[in-house]
Amino acid sequence: TPAGGRMWTLAWLGMASLCLGAAWAVPAKERRKAEKPRADLTLYENLDLDNYDLTLDNYGEILDLSNYEELYDYGDLAPKIEVGTLAPRPKDPEILPNLGATAEPPKLQLPTTAGPIQPAPIPGTPAPPGLPSCLLCLCIGTSVYCDDADLEQIPRLPPDTTYLYARFNRIGAVRAGDFTGLSTPGPGQGGTRAINGSAFIPARLLPAEKLKRIDLSSNSISWADVDAFRLLPSLQELILPENRLTALPELPLSIVRLDARLNRIPSTGLRPEAFRDLKQLQFLHLSDNQLDFIPAPLPESLRSLHLQNNNIQTMHEDTFCDSQDHSQIRRALEDIRLDGNPINLSLFPDAYFCLPRLPTGRFS
């Protein structure tokens, strides 16, 4: 009948809608889960991941660490704390920074008529606590930095000073007492002590036993006492370029590097055979001075000799090599600079047979 047909049609449509609703509702959650990875992958579809295959097998090909050492010169690493860019400490105590609300301000002890005024310290005497050098300069560990501090003389140093940097000042002279009074005699030594075989000297004049490097570059030093450095038993590096020296003082046997470039030192300003007994000397740089000849004999330990821009006109056949021993080889002496001198090196062909390299200079 028509009514029965309509009822069947409605029943069929109801069953179909239920099936479609169930079919749509059940996979919706799964469909979202399946679509999520595809949506995430769209963030990386533009990346080339083939080049990111980093395994232990090819790590050495990607990062070659074997050449990193060539980028740095580790030969001169004694102390490498450079503070040349640091602002100097304020000299006025009133402008020192406030270190905290709870910190008490420094109490300044100003001289008054109620008590005697302490006299200025005598150079060469042991320094009391509160050393002036650490107020004028910057003390970091055993290093003292006095660069560009407007100094006219070397200040008293802490007893354990190992490295002194006093560059770009107005220091005019180096005295024998500038580096004494930094050490005290050990037990059983009493008030005197012998240094390098010399006569016994008072304890208050003992040298700085730990001092290894002195850098006085770019000052106005015109002279130095003959014993200013000789009694420093640990001194390895003496850096004196860009000064006004006309004579070189005696050096300790421990010296490894001497740099006295850009001074006014003539050959008469060097003691005869000044470097003969310096068995540790490796770097001797005396360029831009007024030398007339090469300072021989040179120790076998020497590696680098810079004498460019002097007035050297001749040399002896035994200056570098022993003319009586043609089997001699000086492997260490590889760097000799004689350019900027009026000497013609080709006139001395027998003077270089023991050297691994010819000196740098004019050969015509």
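Think of each chain on its own: its residues are numbered from 1, step by step along the sequence as written. Per-residue local features of the predicted model are confined to residues with pLDDT of at least 70, and side-chain atom pairs are confined, for both listing and counting, to 80 or more; whole-chain, interface and lining totals are unaffected and use all residues. Heavy atoms from the whole structure form the basis of all side-chain values; hydrogens and water molecules are not counted.

**What to know about the overall build of the protein**
Selection rule: Strands are runs of DSSP state E lasting at least 2 residues, helices are runs of H or I lasting at least 4, and numbering of each runs from the N terminus. Every residue pair with non-hydrogen atoms within 4.5 Å of one another is taken to be in contact. Note on areas: these come from Shrake-Rupley sampling with a 1.4 Å probe, and a residue is covered only by the protein chains present in the view.
Across its full length, the protein holds three helices and 13 strands. Considering only contacts within the protein whose residues lie at least 6 apart along the sequence, 51% involve residues at least 24 apart. Working note: accessible area of the protein is about 23,300 Å², and carbon and sulfur atoms make up 56% of it.

**With respect to the state of the cysteines**
As a reminder of what qualifies: Our working definition of a disulfide is a cysteine sulfur pair at a distance within 2.5 Å.
The final tally for this structure, using the stated rule, is three disulfides. The disulfide partner of C134 is C139, and the S-S distance across this bridge is 2.1 Å. Judged by the torsion about the S-S bond (-95°), the C134/C139 disulfide is left-handed. Shown here is the disulfide that connects C321 with C354, its sulfur atoms set 2.0 Å apart. The sign of the S-S torsion, about -85°, decides the handedness of the disulfide formed by C321 and C354: left-handed.

**Things to note about the environment of D147**
Put simply, the test is: Pairing of N or O atoms within 3.5 Å defines a polar contact, subject to two protein rules: one partner must be a possible hydrogen donor and the other a possible acceptor, and residues neighboring in sequence count only if both atoms are side-chain atoms.
As for its position among the elements, D147 is in the loop between strand 2 (143-145) and strand 3 (163-165). Along the chain, D147 and D215 lie 68 residues apart, while their C-alpha atoms are 9.6 Å from each other. Within the structure, D147 has its side chain in polar contact with the side chain of R167 (distance 2.6 Å).

**Description of the sheet that holds strand 3**
Heads up, the condition is: Think of it this way: DSSP has to see at least two bridges between two strands before they count as a pair. Note on geometry: axes are C-alpha line fits, over the in-contact stretch for helices, and angles between N-to-C directions span 0 to 180 degrees.
Pairing within the open sheet is mixed, and its nine strands lie in the order 1-2-3-7-9-10-11-12-13. Taken across any chain shown, the strands that pair with only one partner, and hence form the sheet edges, are strand 1 (138-140) and strand 13 (335-337). Taking each pair of neighbouring strands and ignoring which way they run, the sheet shows an average axis angle of 5°. Note that strand 9 (residues 237-239) and strand 10 (residues 257-259) share three bridges and pair parallel. Opposite L238, over in strand 10, you have L258 as the bridge partner.

Everything listed here is a matter of geometry and, on its own, says nothing about what the molecule does.
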